[in-house]
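Understanding the architecture of this molecule
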Amino acid sequence: MAIIKLSIVERRRISAFFTCLVFAACAWIVITLSKQYNYNVKEILTFKNAPQKRAFHSLQSDTVNVTVKGSGWQMLFSKINEQNKIIKVDLRTLDSDAYIVLSSQLQTINAEKAVKNEIIALNPDTLYFDFTNRSERRIPVHLIKSVKYEPQFSQSDNIIIKPAYVTISGPSNRIDKIVAWYTDSLVLRNVSENVNSTVNLAASTEGNISIYPKTVQVKIPVEEYTEKTIEVPVKLVNNSDFYNIKIFPQKVKVTFTTSLSKYADIDESLFEAQVNLDLWRVYGYNTLPVKITQLPAFCKIVSIEPRNIDFIIKK
């Protein structure tokens, strides 16, 4: 293949040509995207000023097709600007009507938009609602948590949630199915002292259900833990044939962790250790494993010595 050799002048001319071509293309793109266009996007409906005496249920989807007037740049970035794809619909007129005309709220909707690309039409333009009697219920709050403690620290008592119950209101056929309301996740790491935190309640996924209050106070007692060892008598269960049975040993050493404040108060009366004779009678076990069936709250078993005990059945 023949190699075309260009002079310095010719190379400069070609370079200048492509430079001008790139600048011309960029200028054309800028001019084109600066013009005004009408384009369609889907946006999500949210409701405000819901009626207090009427429970409602929307009869259509929570998204609408929106015709927007804006520049080519706005049209280009409309696909990635998800936060601006929300329309706040005022439901104040539902106190007397069963529908909302969106076009009557266009001026307000556009004024609340963060990006000033004008909405000129919505489809559907009218929202229809179904109404039922509005009722209230008090339901318990359930805490969602993920708490990691420093070594030798742990929760030492029950978690306190104030208020423990919240009031929900909405259509009777909806709220009657709700048995508890969950909080947002409380995530804590390296905890070594009592926790006092304000936690938000999970937002309602339905616009016609409201909740009060929207936050709760959460208190988690935290203490330093230490180990303690006591001897616990072993109880034989499921001796349905009333055998005369001797077990060895009759007590086991239980090592557990407990908070420092409760260390002196914990004794063997708060524990129960059992062995199940059915394991020999039904399954042929030669020794019986010890199981702790009762222990104080927030104590954790570290070890049981011995884990298995011997037994003799007297004829």
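1. Considering the overall build of the protein chain
The helix and strand tally for the protein chain stands at five helices and 23 strands. Burial statistics for the protein chain: of 315 residues in total, 32% are counted as buried. Look at the contacts in the protein chain between residues 6 or more apart in sequence, and 74% of them connect residues 24 or more apart. As displayed, the protein chain offers around 20200 Å² of accessible surface, 54% of which is attributable to carbon and sulfur atoms.

2. Digging into a nonpolar patch on the surface
Together, Ile14, Phe18 and Leu21 give the surface a local cluster of nonpolar side chains, amounting to about 280 Å² of exposed area. Tracing the backbone through its elements, the reader meets Phe18 in helix H1 (residues 8–34). Residue Phe18 is classed as partly exposed on the basis of its relative accessible area, which comes to 47%.

3. Focus on the sheet that holds strand S20 (residues 288–289)
Ordered by their spatial adjacency, three strands build an open sheet running S17-S23-S20, and the pairing between neighbours is antiparallel. The two strands at the open ends of the sheet, each matched to only one other strand, are strand S17 (244–248) and S20. Both S20 and strand S23 (residues 308–314) contribute to a ladder of two bridges, which runs antiparallel. Paired with Leu288 across the strands is Ile309, a residue of S23.

4. Here's the deal with the packing of aromatic side chains
Evaluated as defined, the whole model comprises four aromatic pairs. Taking the centre distance of 5.7 Å and the plane angle of 80° together, the rings of Tyr243 and Trp280 count as edge-to-face. Residue Tyr243 is located in the loop between strand S16 (222–237) and S17, and its partner Trp280 is located in helix H5 (residues 278–281); the two are separated by 37 residues in the primary sequence. Judged by its relative accessible area of 32%, Tyr243 falls in the partly exposed class. With a relative accessible area of 27%, Trp280 lands in the partly exposed category. Arranged with centres 4.9 Å apart and planes meeting at 45°, the rings of Phe256 and Phe271 form a pair that is tilted. Of the two residues, Phe256 sits in strand S18 (residues 251–259) while Phe271 sits in the loop between S18 and strand S19 (272–276), which places them 15 residues apart along the sequence.

5. Side note on the sheet that holds strand S14 (residues 210–212)
Taken in spatial order, the four strands of this open sheet run S12-S8-S11-S14, and their pairing is mixed. Because the sheet does not close on itself, it has two edges, and the strands there are strand S12 (181–191) and S14. Strand-to-strand twist in this sheet, taken as the mean axis angle between neighbours without regard to direction, amounts to 30°. Inspection of the sheet shows strand S8 (residues 134–149) paired to S12 by seven bridges, in the parallel sense. If you follow Lys145 over to S12, its bridge partner there is Leu186.

What counts as what
- Residues numbered from 1 in each chain as written.
- Predicted model: local features only at pLDDT ≥ 70, side-chain atom pairs only at ≥ 80, totals over all residues.
- Heavy atoms only, no water.
- Helix = DSSP H or I, 4+ residues; strand = E, 2+ residues; numbered from the N terminus.
- Buried < 20%, exposed > 50% of the residue type's maximum accessible area, 1.4 Å probe, protein only.
- Contact = heavy atoms within 4.5 Å.
- Areas by Shrake-Rupley, 256 points an atom, 1.4 Å probe, with all protein chains shown as cover.
- Patch = residues over 30% accessible without salt bridge, like charges linked within 9 Å, V, L, I, M, F, W, Y side chains within 5 Å.
- Salt bridge = Lys/Arg side-chain N within 4 Å of Asp/Glu carboxyl O.
- Pairing = 2+ DSSP bridges.
- Phe/Tyr/Trp six-rings, centres within 6.5 Å; stacked < 30°, edge-to-face > 60°.
- Axes fitted to C-alpha atoms, helices over the stretch in contact; angles between N-to-C directions.

Just distances and angles here, no functional claims.
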